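Chain by chain, the residues:
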Amino acid sequence: MTALPETTDKKLGLVIDLDTCVGCHACVVACKGWNTENYGAPLSDVDPYGGDPVGSFLNRVHSYEVEPKDGPAQVVHFPKSCLHCEDAPCVTVCPTGASYKRAEDGIVLVDESACMGCGLCAWACPYGAREMDQVAGIMKKCTLCVDRIYNENLEEVDRVPACVRTCPAGARHFGDLGDPDSDVSKLVAARGGIDLMPEQGTKPVNKYLPPRIKDRISRTQAALEPVADTPTGLLGWVDRALEKL
Amino acid sequence: MHPAPSVILFTTLSGLGFGLLAFLGIGQPPVTGWVAFVFYVIAYGLAVGGLLASTFHLGNRKNAIKAFSQWRTSWLSREAWLSVFALVAMGLYAAGAVFGSVLIAPIGIIGAALSVATVYSTSMIYAQLKTVPRWNQPLTPVLFLSLSLAGGAMLAAATMVAIPLLVLAGVIQLAWWWQGDRRFGEAGSTLATATGLGAIGTPRQFEPPHTGTNYLMKEMVFVVGRKHARKLRTIAFAAMIVFPVLMLLVSGGHLAAGLAILSHLAGTLISRWLYFAEAEHVVGLYYGAR
C-alpha cells in the first residue's frame with residue numbers, strides 16, 4: 001500500500017548550502033551519469049544534438065537574483081532535487097503502489113516494475129522533483145543514490161550520493177536529519193536551515209542553508225579620500241609646477 | 001496544466017455516461033427491451049469510451065491493472081474500483097431491463113449510487129492536489145457532480161429535472177471560476193516561499209536551469225490557453241448551460257433535445273479544456289512562471 005510509514009528509523013537526506021553553491025552544475029552531470037548507468041530505466045535524452053533537446057534529470061540547478069533593500073543584488077544558485085518529504089504527497093496519490101517511502105531510512109522511491117506512467121505523482125509534487133522519462137514512460141526521481149550509500153563494493157568515501165561526492169564547492173551534505181547529533185543536523189541548526197514551500201505541508205527532509213549575510217561596503221569608505229588642499233613634498237612641487245603652466 | 005485531449009475526453013464523456021447510468025438506475029426513464037438497449041449502449045459507450053481514453057495518456061500501459069491495488073490511499077485507484085463496480089451493477093440491471101423486461105430496483109439504486117460515486121472519485125483526483133490551488137477547493141467535486149447529473153438528465157430525457165440541474169451546474173461553474181481565480185493567491189506559495197530567499201528580499205529568476213524545455217514545463221507550466229480565457233469561458237457557458245436550457249424550454253421535441261445535448265457536450269469540452277489550461281501548478285514558480 002502506498003501509505004506513508006508512521007515514522008522512519010532514519011531520515012536520510014541532503015543539506016544544500018546556498019551560500020557555497022557556485023552553480024557549476026557538476027551535481028546535475030554526476031547525478032545523470034550515475035543514475036543513467038545503474039539502477040532502473042536510463043535517463044533518456046530526446047533530440048540531444050538537434051534543435052529542441054529535452055531530457056530527464058533528477059536534479060536541476062536554478063539561479064535566482066535577490067535584492068536586499070539596502071544593498072546590491074546577489075545571485076543565488078539553487079540546486080533542486082527530491083526532498084524526501086515526511087508527508088510525501090507523491091506517495092499517497094500513486095494508484096499502483098509503485099511509489100513508496102521506506103520505513104527504515106525515509107527514502108522515497110519508485111518501483112519501476114509497478115509504475116504505469118500516469119504522472120499523477122509528478123502533479124502532486126510541489127517541487128518538480130519527479131520527471132516522467134519520455135522514452136521509458138516511467139516516473140524517475142532522486143533515489144538518494146540508494147545503490148551507492150549502502151554499496152560495500154565502493155570505497156567508504158564514495159558511499160554518498162553522486163551529487164554530494166562530486167560537488168567541488170562542498171555545498172552538498174548527506175546524512176541522517178532524524179538524528180539531532182548528526183553532522184548535517186548540527187549544520188542545519190547552526191545555519192538556520194529552512195524548508196522549501198512549508199505552506200504545502202510536505203515536511204521536507206532536505207534542508208536549505210540560506211546565504212550568509214554579505215559584507216557591505218560603507219558609503220564613507222566607498223569614495224577615495226580627496227587629495228590634500230595644501231600638498232607638500234613631491235606632490236606640492238607637482239602642484240606648483242602645474243599651476244604655472 | 002497541460003490540457004491533454006485524452007484526459008479532457010475521459011472526464012467529459014465518462015461524466016456524461018455515469019450521469020446517464022445514475023438516472024437509468026433510478027428508473028428514469030423506466031425503459032425496457034430495445035429502447036433500454038439503445039439507452040444502455042449510449043451510456044456504456046460514453047462511460048467506457050471515456051475510461052479507455054484515459055488510458056491513452058499512460059506512459060506504461062502494461063501496468064495499468066495494478067491501479068486497482070492502492071484503493072486505501074489513492075483516489076485514482078478508488079476510481080478504478082468504483083467504475084468497475086458501477087458498470088457491473090448497472091450491467092446486471094441493464095440485462096434485466098433489456099432481456100427480461102424487469103427493473104430490479106435495488107440493483108438499479110446501488111448502480112446509480114456507484115455511478116455518482118465514480119464521478120466523485122474522478123473529481124477528487126484533482127481536488128486533492130494542493131499543488132494546483134485552482135483545483136484544490138471544495139467546489140471541484142460539486143462542479144463535476146452537477147455537470148454529470150445535468151448531462152445525464154438531458155440524455156435520460158428527464159427535461160423537467162434537466163433544466164433545474166443545468167441552472168444549478170451553471171451557478172456552480174460561475175462560483176468555481178470566481179473562487180478558482182483567487183485560489184493561487186490564497187494558497188500563499190510564491191517564489192519567496194519556494195526558494196526560502198524571501199528573508200533577503202524579493203527573488204526573481206536570474207537564469208533557468210537549462211535553455212530548453214522539460215517534462216515539468218510541458219506538463220505543468222502551460223500558459224497558451226490563458227490569452228483567450230475570458231472569451232472561452234463565455235462561449236463554454238453559453239454552449240454548456242444557456243443554449244441547452246433555452247432549447248429545452250421552447251421545445252419538447254427530439255431535435256431540440258438533440259441540439260441541446262450536442263451543445264452541452266461542446267460547451268463542457270471547452271470548459272474542461274479551460275479547467276486544465278487555466279490551472280497553475282506551484283512548480284511554475286521555480287521557472288518564473290505560473
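Cut-offs applied
- Residues numbered from 1 in each chain as written.
- Chains lettered and ligands numbered in written order.
- Predicted model: local features only at pLDDT ≥ 70, side-chain atom pairs only at ≥ 80, totals over all residues.
- Heavy atoms only, no water.
- 1 Å grid on protein atoms, 1.4 Å probe; cavity = no way out; pocket = protein on both sides within 12 Å on 5 of 7 lines; lining within 4 Å.
- Points joined across faces, edges and corners; volume = space filled by probe spheres on them.
- Helix = DSSP H or I, 4+ residues; strand = E, 2+ residues; numbered from the N terminus.
- Pairing = 2+ DSSP bridges.
- Axes fitted to C-alpha atoms, helices over the stretch in contact; angles between N-to-C directions.

Student: I'd like a description of the layout of surface pockets, backed by residues and values.
Tutor: Its boundaries defined by the atoms lining it, the largest pocket holds a volume of some 550 Å³. Lining the largest pocket are 25 residues; nearest its centre among them are B:Leu51, B:Ser54, B:Thr55, B:Leu76 and B:Glu79. Contributions of two or more residues to the lining of the largest pocket are made by helix H3 (120-124) of chain A together with helix H1 (5-25), helix H2 (33-54), helix H3 (75-99) and helix H4 (105-127) of chain B. Among the elements that take part in the lining of the largest pocket, H3(B) stands out by supplying six residues, more than any other.

Student: Explain the sheet that holds strand S4 (residues 59-67) of chain A to me, using residue names and the numbers behind them.
Tutor: Strand order in the open sheet made by the three strands is S5(A)-S4(A)-S1(B), with antiparallel pairing throughout. Each of the sheet's edge strands pairs with one partner strand only, and the pair in question is strand S5 (74-81) of chain A together with strand S1 (202-207) of chain B. Along the sheet, successive strands turn relative to each other by an average axial angle of 40 degrees, direction set aside. Bridge count between S4(A) and S1(B): five bridges; the pairing is antiparallel.

Student: Talk me through unusual backbone geometry; I want residue IDs and the actual numbers.
Tutor: The omega torsion of the bond from B:Gln28 to B:Pro29 falls at -5 degrees, within 30 degrees of zero and hence cis. One can find B:Pro29 in the loop between H1 and H2. At A:His25, a position not held by glycine, the phi torsion is positive, near 70 degrees. Of note, A:His25 is situated in the loop between strand S1 (12-17) and helix H1 (26-37). Its identity as a non-glycine residue notwithstanding, B:Ser101 has a phi of 55 degrees, on the positive side. As for its position among the elements, B:Ser101 is in the loop between H3 and H4.

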